[in-house]
Amino acid sequence: MNPFEGDLYSIWHPFTQHQTAKPPICIKSAKDALLIDENGNEIIDAVSSWWTNIFGHCNEEIAQSIKNQVDTLEHVLFSGFTHQPAVQLSEQLLALLPTSQKKVFFSDNGSTAVEVALKMSIQYWCNKGVEKQTFIAFKDAYHGDTFGAMSVGARGVFNQAFENLLFDVAFIDLPNATNFTQVISDFLHIIHEKNVAAFIFEPLLLGSAGMLMYESIYLDKLIQIAKNEKVICIADEVLTGIGRTGKNFACDYLIEQPDIICISKGITGGFMPLGLTTSTQAIYDAFLSSDKLKTFFHGHSYTGNPLACAAANATLQILKKSEALISQLVKWQSVHTAQLKALKEVENVRQIGTIVAFDVCSEQQSNYFNNLRDFLYDSFLERGVLLRPLGNTVYIMPPYVISEEQLKKVYAVIREVVRNLHPNV
Ligand SMILES: *Cc1c(COP(=O)(O)O)cnc(C)c1O
């Protein structure tokens, strides 16, 4: 049986309508920014395999770190036990994060990192004997696919079936120069009307919403207000962390510091599932008690998996020496961005660090189900470039090790496809 048939018989893929989906492409191997299929065709992975792969596929340092670990200690339960790879990772990470962060809690993906942050915030107030259970989030936010993470995310087609089961969250608009006064007043109004436990946000970039960007001055102001009003601030850096925005963390652009940070995706260089939720000393201290009920009763079987920690330790080592690599990619992207802006077929060209996004001009309303989306996806792929448009929004989020030549090809393919789309312009 060839792999396609085997897949068709036995596998249910994520975010896939199997009635209409084309057969999946079987990838046999990968190296740096390239995926290589069964027939030896090369595809440039311009979305870093769902935003996870930062230092290239099959990166040798990360692979070696996992190999060294796998014969020594593959896994051990993490309650009552610990191990060197987890301790090393916590120390390395805390040294890179804003100084407010003092403790690291382990889980295994971005959604659970968020879930942990939400539960920590609620129980923090509960342990202090304060009744606060409301969250504030941005209207278009995406924080993951578990129930808590869905609740603090945009309400729409993806979670329609579950809408009645999601807990109540107060949403505010993404701030910009025009609406900022209104956003501040809405924010304060919610805090004064409801018992707000925490404000959760994707710092500077709302990824799944369509790569929407907003400025650090607005976020700084919101965090400042939240702090004055005793509202916990949760930065979801699942996408933005580990160099994506041009700095180690998007929070490095801020003056204010969050209380809790969620990290996943790039942390293992795209090798292993790992989620981390870091907190301040004050949050941690609220769970210290002779009263057992104040314990944080949360944990996953694979908490602190040593292989994932080994991958993350190698990734952070590489990150430390990658400043030049990342700034070079940022520079290349900005050169191409300037050229994109000259095209009539695209609008809202925007960049943050290593990420560039733009909207393809379309008569339809721009959303995920825009028909253009499938056409663009297929046309890019036929030309050897993997890009996954969000509706009519195309974004380029390559591994940092993509070569200049490969990046040029990505843009050449984009230009060819969008020009074909609008032959009359
Ligand atoms: C992808 C993502 C998540 C969810 O992470 P998973 O590992 O897919 O569960 C959460 N928050 C943000 C900002 C993300 O981009």
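By convention here, each chain's residues receive numbers from 1 onward along its written sequence. Confidence filtering applies because this is a predicted model: local features only for residues at pLDDT of at least 70, side-chain atom pairs given and counted only at 80 or more, and all residues used for totals across whole chains, interfaces and linings. Each side-chain value is derived from all of the structure's non-hydrogen atoms; neither hydrogens nor water enter the calculation.

### Here's the deal with a nonpolar patch on the surface
Phase 1 of the analysis: Taken together, F15, W50, V157 and F158 make up a surface patch of nonpolar side chains, about 420 Å² in accessible area.
Phase 2 of the analysis: Mapped onto the elements, W50 comes out in helix α2 (residues 48–51). Excluding any residue in a salt bridge, patches collect residues exceeding 30% relative accessible area, merging like charges within 9 Å and nonpolar Val, Leu, Ile, Met, Phe, Trp and Tyr side chains within 5 Å. All accessible-area figures derive from a Shrake-Rupley calculation using a 1.4 Å probe, and residue coverage is judged against the displayed protein chains alone. A side-chain nitrogen of Lys or Arg and a carboxyl oxygen of Asp or Glu constitute a salt bridge if their distance falls within 4 Å. Helical segments are the DSSP runs of H or I of at least four residues, strand segments are the runs of E of at least two, and each set is numbered from the N terminus.

### As for unusual backbone geometry
Excluding glycine, most residues fall at negative phi; most peptide bonds, likewise, are trans.
Phase 1 of the analysis: Residues other than glycine seldom take positive phi values, yet S48 does so here, at roughly 50°.
Phase 2 of the analysis: For N348, which is not glycine, the phi dihedral falls at a positive 50°.
Phase 3 of the analysis: Residue placement: N348 occurs in strand β13 (residues 346–352).

### With respect to the packing of helix α11 (residues 323–341) against helix α13 (residues 404–421)
Phase 1 of the analysis: Note on definitions: angles span 0 to 180 degrees between N-to-C directions of axes, and those axes are lines fitted to C-alpha atoms, for helices only across the stretch in contact. One can describe the packing of α11 onto α13 by two numbers: an axis separation of 11 Å at closest approach and a directional angle of 20°. Taken together, the axes of α11 and α13 are roughly parallel relative to one another. Between α11 and α13 lies a crossing of right-handed hand. Counted together, L329, W332, Q333, H336, Q339 and L340 of α11 and E404, L407, K408, Y411, I414 and R415 of α13 form the full contact between these two elements.
Phase 2 of the analysis: Classes in brief: Ala, Val, Leu, Ile, Met, Phe, Trp, Tyr, Cys and Pro nonpolar; Asp, Glu, Lys and Arg charged; the others, Gly included, polar. Across the contact of α11 with α13, the residue classes tally to six nonpolar, three polar and three charged. In these notes the angle categories are as follows: under 35 degrees is roughly parallel, over 145 is roughly antiparallel, 65 to 115 is roughly perpendicular, and the rest is oblique. Crossing chirality is assigned from the near helix's rotation relative to the far helix, an anticlockwise turn below a right angle marking it left-handed and a clockwise turn marking it right-handed. Contacts are assigned to residue pairs that have any heavy atoms within 4.5 Å of one another.

### Some details on the pattern of salt bridges
Phase 1 of the analysis: Summed over all chains, the structure comprises 10 salt bridges.
Phase 2 of the analysis: Of the charged contacts, one joins D359 and R350 as a salt bridge, the two residues approaching to 3.4 Å between their closest N and O atoms.
Phase 3 of the analysis: The partner of D374 in a salt bridge is R373, and the shortest N-O contact between them spans 3.1 Å.

### Thoughts on the site of the ligand
Phase 1 of the analysis: Near residues are defined by distance, with any heavy atom within 4 Å of the molecule or strand qualifying the residue. Around the ligand, the structure places W51, N109, G110, S111, Y142, H143, G144, E202, D236, V238, L239 and K265.
Phase 2 of the analysis: Here a polar contact is taken to be a pair of N or O atoms separated by no more than 3.5 Å, where protein atoms must pair a possible hydrogen donor with a possible acceptor and residues adjacent in sequence count only if both atoms sit in side chains. Between the ligand and N109 there is a distance of 3.4 Å, counted from an oxygen atom to a side-chain nitrogen or oxygen.
Phase 3 of the analysis: Contact distances for the ligand include 2.7 Å between a nitrogen atom and a side-chain N or O atom of D236.
Phase 4 of the analysis: Within the complex, 83% of the 380 Å² of free accessible area of the ligand lies under protein.

### Describing the packing of aromatic side chains
Phase 1 of the analysis: Any pair of Phe, Tyr and Trp rings, taking the six-membered ring for Trp, is counted once the centres come within 6.5 Å. Such a pair is stacked with planes under 30 degrees apart, edge-to-face with planes over 60 apart, and tilted for the rest. Under the definition given, this model contains 15 aromatic pairs.
Phase 2 of the analysis: On the basis of an interplanar angle of 85° and a centroid distance of 5.8 Å, the ring pair of W51 and Y395 is categorised as edge-to-face. Linking W51 in helix α2 with Y395 in strand β16 (residues 393–396), this pair joins segments that are 344 residues apart in sequence.
Phase 3 of the analysis: The exposure class of W51 is buried, given its relative accessible area of 7%.
Phase 4 of the analysis: A centroid spacing of 5.0 Å and a plane angle of 70° characterise the contact between F187 and F199, whose relative ring orientation is edge-to-face. Taken together, the residues F187 in helix α7 (residues 180–193) and F199 in strand β7 (residues 196–201) connect sequence positions 12 residues apart. Note on accessibility: F187 and F199 belong to one class, buried.
Phase 5 of the analysis: Aromatic rings pair up to connect F138, F187, F199, F201 and Y214 into one cluster. Relative accessible area decides the class of each residue, using a 1.4 Å probe on protein chains only: under 20% of the type maximum gives buried, over 50% gives exposed, and in between gives partly exposed.

### Focus: the layout of surface pockets
Summary: where empty space remains is shown by rolling a probe the size of a single water molecule over the atoms.
Phase 1 of the analysis: A volume near 1800 Å³ is recorded for the largest pocket.
Phase 2 of the analysis: Both cavities and pockets are sets of points on a 1 Å grid over the protein atoms alone; in a cavity a 1.4 Å probe fits but cannot get out, in a pocket the set is open with protein on both sides within 12 Å along at least five of seven lines, and lining residues sit with an atom within 4 Å of a point. Lining the largest pocket we find 41 residues, and of these F15, T16, K22, Y377 and R388 sit closest to its centre.
Phase 3 of the analysis: Breaking the lining of the largest pocket down by element, the ones donating at least two residues are α1 (3–10), β3 (42–45), α2 and α12 (372–382).
Phase 4 of the analysis: When residues in the lining of the largest pocket are grouped by element, the largest group, six residues, is from α12.
Phase 5 of the analysis: In terms of residue class, the lining of the largest pocket is built from 22 nonpolar, 11 polar and eight charged. Grid points are joined across faces, edges and corners, and a volume is the space filled by probe spheres set on the points.

### Quick notes on the domain arrangement of the protein
Phase 1 of the analysis: An automatic or database domain assignment provides the domain bounds reported here. Segmenting the protein into domains produces domain 1 (3–58 + 321–421) and domain 2 (63–320).
Phase 2 of the analysis: Using only C-alpha atoms to locate each centre, domain 1 and domain 2 end up separated by 27 Å.
Phase 3 of the analysis: Summed over both partners, the interface of domain 1 with domain 2 buries about 2400 Å², with 69% contributed by carbon and sulfur atoms.
Phase 4 of the analysis: Here's the idea: put two parts together, see how much 1.4 Å probe accessible area each one loses, and the total over both is what we call buried area. The largest share of the area that domain 1 buries against domain 2 comes from W51, K321 and I352, three residues that together contribute 27% of it.
Phase 5 of the analysis: Our enumeration of links across domain 1 and domain 2 arrives at zero salt bridges.
Phase 6 of the analysis: On inspection of domain 1 and its partner domain 2, the count reaches 12 residue pairs in polar contact (both at pLDDT 80 or more).

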